[in-house]
Amino acid sequence: MSKNSKGLPDDYLHYPHRSYGMDHDRYSWSMLQNRQPVKWPNGASLAIWVNVAVQYFPLDQQGIPFKVPGGMTMPYPDLRHYSLRDYGNRVGIFRFLEAFDKYGITPTFALNTRLAQRTPYLMDILKERGNEILCHGYHMDALHYSGQDIVVEDALVERALNELRELSGQAVTGWLSPARNESENTPDILVKHNIDYFCDWVNDDMPYHYNTDSKSLIAMPLSNELEDRFVIINNQHSERSWGEQVCDACDFLLEEAKTQGGRILGINIHPWLLGQPHRIKYLEDTLAHIMDKPGVWSASASEIMQSWDQQHPR
Amino acid sequence: MREDPEFYDYWPYHNRPKITWPNGARVAFWVAPNIEYYELNPPSNPYRQAWPQASPAVAGYSIRDYGNRVGHSRQMDLLDKYGIRGSISLSTALCDHHPEIIAACRERDWEFFSHGIYNTRYTYGMSGEQERSMIRDSMLSIHKHTGQKCAGYLAPALSHSEQTLDLFAEVGTELFGDQAAFYTCDLFHDDQPTPIKLRSEKKFVSVPYSLEMNDTIAFAVNKIEPRRYGEQLKRNFDRLYQEGAQSGTIMCIPTHNYQVSCPHRLKAFEEALEYITGHSDVWVTTGKEIASYFIDNYYETVLADISAKKGNNHE
């Protein structure tokens, strides 16, 4: 920049939040290594949370305020992306279910409410299995974002939750925002609609209390860096490498758990991606590696959350 | 604007005078953990935005917070295991936000150098006085919280002005004389130290810090696999170790606790640390120690060689 520049406004060198803790009041500063060790049921070391994102990407995508990753990218009608995402809900998910049953996985399904409305057959199967369903927003193009009208967002959350609760027959107490995007009000709105935990924030490997304008939420650790979409599509790594990364994470966390207490391995996966014929083997091999380890506990997000919650009274 | 920043003359990697590190080591090896604080909602800079979306940028902010909450202790355990003292590139506001991290680094006698106040406050657009004041604030903060006289600089988020290195050197002299502000990590032109030309003519050196071995560049920009990163670190070391027999080289691994300390990346990183520190002729050291050793032993020799090679008459 020029030496003659008048410079930036004065507030650029003022630091109003420069003091102990965080620069906001949503949660307290705390280092994982300094916390009381957590104990999982039956002396397990590592809770395995397999989270399946079951998504609906509308063809008439509005892209407000951005085009969701994984969504339509071509001029309307983007049949290639619409139908390829649909593949996951028709074909891929059935490969997933078979793999989960074979390796003793208790999955959690993060459902877009719109998908639940559109696929009663699949919903019947999920209800029959009895696995936990959490709400992944209304659909992938119904984003929560900064500056969104609070009344509009509140109605969006209410609709997504009411309809999913009715269709699933479950209480639905967990939330994952589409694209993990939030407005400044999202956590406050979620609590108002009886959400107990959410999975958007990736700042910890263990749960923690997240403040809202009423009671606190529990933030659950669902790694973004390890999810199949991030590794395979964003980073362009092979499916084999995705499997290696998850296995390396599993081995590391098991080792850390020996001295620091229970840990969680959160794996977020998409049937439209790993459910492809050329990728499903790598999911299966990865689940086999994990479930073969002594001390793993495959559980739903709520089971893990509740066990942690009992050890951390508010 | 200039065609060339004019910090150094061309100095070919050919027939250079021999540098030998302490105890006959061939490679000076240092690890530079960036311990950073990114703000959730920083004031806007006209030249560069901190986050891709309006606040809250949940994904970007929260993974960086992960580095401090979770990652720091993991990397520290590893560096302890392999006898490495970190040279911290520090967002100095972290002294106020997270003193626990500063205390743990102090206990281990790690080096602290300035990486600005926050990694979400860029140098772009600052007046000279503003930049001077920001640098001074950061050096005073390090001194107040650690007792150290800050020797090195890496501009916040690698955001520079034409005067950055001059201002850093001058503020250091003002505060602590020649004991502070004598090296920079901002330049990537060499595998050996280079004397840097400043308007003050202070002895000042560029210590190779390596953009290529930086985990954020590897993982977030080049998007490579964790195991490939581990391989790159080993091959980088192999060549520098081989060439270091002729004249001492420097290998740096700049890290970020939100990148390399994720559970799926630590194993490959540890294998590389074990490999590198398992070699005999390696000086495991810090940025400041490298800069001081070079200034005390080779600064003039190297200046003379650079000067001799200014023309095209190689013998």
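Predicted model only: the values in this text are computed from it and were never measured.

Trainee: How would you summarise the overall build of chain A if you had to cite specific residues and measurements?
Mentor: Of the regular secondary structure elements, chain A holds 10 helices and nine strands. Taking the principal axes of its C-alpha atoms as reference, chain A extends roughly 65 × 55 × 45 Å. Residue burial in chain A is summarised as follows: out of 314 residues, 50% are buried. Here the analysis covers contacts within chain A between residues at least 6 apart in sequence; of these, 73% occur between residues at least 24 apart.

Trainee: Any details on the overall build of chain B? Residues and values, ideally.
Mentor: Check the secondary structure of chain B and you find 10 helices and nine strands. Relative to the compact-globule value of 20 Å for 315 residues, chain B shows a C-alpha radius of gyration of 19 Å, a close match. Along the first, second and third principal axes, the C-alpha set of chain B runs to 60 × 45 × 35 Å. Looking at the 315 residues of chain B, the share that counts as buried comes to 52%. The contacts of chain B with a sequence gap of at least 6 include a subset with a gap of at least 24, amounting to 81%.

Trainee: For the pairing of strand 2 (residues 87–90) of chain B, give the residues involved together with the corresponding values.
Mentor: All names here are of chain B. Neither face of strand 2 is open: one carries Ser 87 and Ser 89, the other Ile 88 and Leu 90, and all of them are buried. Bridge count between strand 1 (residues 27–35) and strand 2: two bridges; the pairing is parallel. Looking across to strand 2, one finds that Asn 34 is bridged to Ser 89. Across four bridges, the pairing between strand 2 and strand 3 (residues 111–114) is parallel. When the sheet's bridge partners are listed, Ser 89 is paired in strand 3 with Phe 113.

Trainee: Can you explain the interface of chain A and chain B? Please cite residues and give values.
Mentor: Each side of the interface is counted separately: chain A has 48 residues, and chain B has 42 residues. For the side of chain A that touches chain B, the per-class residue count stands at 16 nonpolar, 17 polar and 15 charged.

Trainee: Help me get a handle on the packing of helix 7 (residues 239–260) of chain A against helix 9 (residues 280–291) of chain A, residues and values and all.
Mentor: Residue and element names in this part refer to chain A. Where helix 7 contacts helix 9, the two axes come as close as 9 Å, and the packing angle between them is 15 degrees. Between helix 7 and helix 9, the angle falls in the class roughly parallel. In this structure, helix 7 meets helix 9 at a crossing whose hand is right-handed. Two secondary-structure elements touch here, helix 7 through Glu 239, Arg 240, Trp 242, Gly 243, Val 246, Cys 247 and Cys 250 and helix 9 through Tyr 282, Asp 285, Thr 286, His 289 and Ile 290. Of the residues assigned to the contact of helix 7 with helix 9, the class counts are six nonpolar, three polar and three charged.

Trainee: Talk me through unusual backbone geometry; I want residue IDs and the actual numbers.
Mentor: Residue Ile 64 of chain A is joined to Pro 65 of chain A through a cis peptide bond whose omega torsion reads 0 degrees. Secondary-structure assignment places Pro 65 of chain A in the loop between strand 1 (46–54) and helix 1 (79–103). Put simply, Ser 55 of chain B and Pro 56 of chain B share a cis peptide bond, and its omega is 5 degrees. Tracing the backbone through its elements, the reader meets Pro 56 of chain B in the loop between strand 1 and helix 1 (58–81). With a phi angle near 55 degrees, Asp 109 of chain B is a residue other than glycine that sits in the positive phi range. Looking at the secondary structure, you find Asp 109 of chain B in the loop between helix 3 (99–107) and strand 3. Residue class for Asp 109 of chain B comes out exposed when judged on the 10 C-beta atoms lying within 10 Å of it.

Trainee: Residues and numbers for helix 7 of chain A, please.
Mentor: Between the first and last C-alpha of helix 7 of chain A there are 31 Å, a value that for 22 residues agrees with the 32 Å anticipated at 1.5 Å per step. Directly after helix 7 of chain A, the chain includes Gly 261 of chain A, whose backbone phi takes a positive value near 90 degrees.

Trainee: How would you sum up the environment of Ala 299 of chain A? Please name residues and give values.
Mentor: All names here are of chain A. Along the polypeptide, Ala 299 turns up in the loop between strand 9 (296–298) and helix 10 (301–311). When the C-alpha positions of Ala 299 and Val 50 are compared, they lie 8.0 Å apart, and in sequence the two are 249 residues distant. In this structure, Ala 299 is in contact with Ala 47, Trp 49, Thr 106 and Ile 304, ignoring residues within four places of it in sequence.

Trainee: With reference to specific residues and values, describe helix 3 of chain B.
Mentor: Residue and element names in this part refer to chain B. Taken as a whole, helix 3 has its buried residues at Ile 101, Ile 102 and Cys 105. Buried residues of helix 3 fall within an arc of 100 degrees about the axis and therefore sit on the same side. The exposed residues of helix 3 that point more than 90 degrees off its buried face are Ala 103 and Glu 107. The secondary structure elements touched by the buried residues of helix 3 are strand 1, helix 1, strand 2, helix 2 (94–97) and helix 4 (128–146). Asp 109, located one to two residues past helix 3, shows a positive phi value of around 55 degrees.

Trainee: Describe the pairing of strand 1 of chain B, naming the residues involved and giving the relevant values.
Mentor: Walk down a regular strand and you will see the side chains alternate between the two sheet faces. Residues and elements named next belong to chain B. Among the nine residues in strand 1, nine count as buried, and that is most of the element. By the alternation rule, side chains of strand 1 split into Val 27, Phe 29, Val 31, Pro 33 and Ile 35 and Ala 28, Trp 30, Ala 32 and Asn 34, which are all buried. Here strand 1 runs beside strand 8 (residues 249–256); their pairing, made up of eight bridges, is parallel. Each bridged residue has a counterpart across the sheet, and for Asn 34 the counterpart in strand 8 is His 256. Pairing of strand 1 with strand 9 (residues 282–284) involves three bridges; the strand directions are parallel.

Trainee: Which residues make up the environment of Trp 40 of chain A, and what values do they have?
Mentor: Residue and element names in this part refer to chain A. Topologically, Trp 40 is positioned in the segment before strand 1. Taking the number of C-beta atoms within 10 Å as the measure of exposure, Trp 40 has 23 and is therefore buried. Considered as a pair, Trp 40 and Ile 125 are 85 residues apart in the sequence and their alpha carbons are 29 Å apart. Residues in contact with Trp 40, not counting those within four places in the same chain, are Ala 47, Gly 262, Trp 297 and Ser 307.

Trainee: An account of the packing of helix 4 of chain B against helix 5 (residues 164–176) of chain B is needed here, citing residue identities and associated values.
Mentor: Residues and elements named next belong to chain B. Two elements in contact, helix 4 and helix 5, have axes whose closest approach is 9 Å; the angle formed by their N-to-C orientations is 50 degrees. Considering their axes alone, helix 4 and helix 5 lie oblique with respect to each other. Once helix 4 is placed against helix 5, the crossing between them reads as right-handed. Between helix 4 and helix 5, the residues in contact are Gly 128, Glu 131, Arg 132, Ile 135, Arg 136 and Met 139 and Thr 164, Leu 167, Phe 168, Val 171, Gly 172 and Leu 175, respectively. Looking at the contact of helix 4 with helix 5 residue by residue, the classes come out as six nonpolar, three polar and three charged.

Calculation notes
Residues numbered from 1 in each chain as written. Chains lettered and ligands numbered in written order. Predicted model: local features only at pLDDT ≥ 70, side-chain atom pairs only at ≥ 80, totals over all residues. Helix = DSSP H or I, 4+ residues; strand = E, 2+ residues; numbered from the N terminus. Buried ≥ 20, exposed ≤ 12 C-beta atoms within 10 Å, placed from the backbone. Contact = placed C-beta atoms within 7 Å. Rg over C-alpha atoms; globule rule 2.2 N^0.38 Å. Pairing = 2+ DSSP bridges. Nonpolar A, V, L, I, M, F, W, Y, C, P; charged D, E, K, R; others polar. Axes fitted to C-alpha atoms, helices over the stretch in contact; angles between N-to-C directions. Parallel < 35°, antiparallel > 145°, perpendicular 65-115°, else oblique. Left-handed = near helix turned anticlockwise from the far one by under 90°. Expected span 1.5 Å × (residues − 1). Arc of directions from axis to C-beta.

Keep in mind that these numbers describe shape and distance, not what the molecule does.
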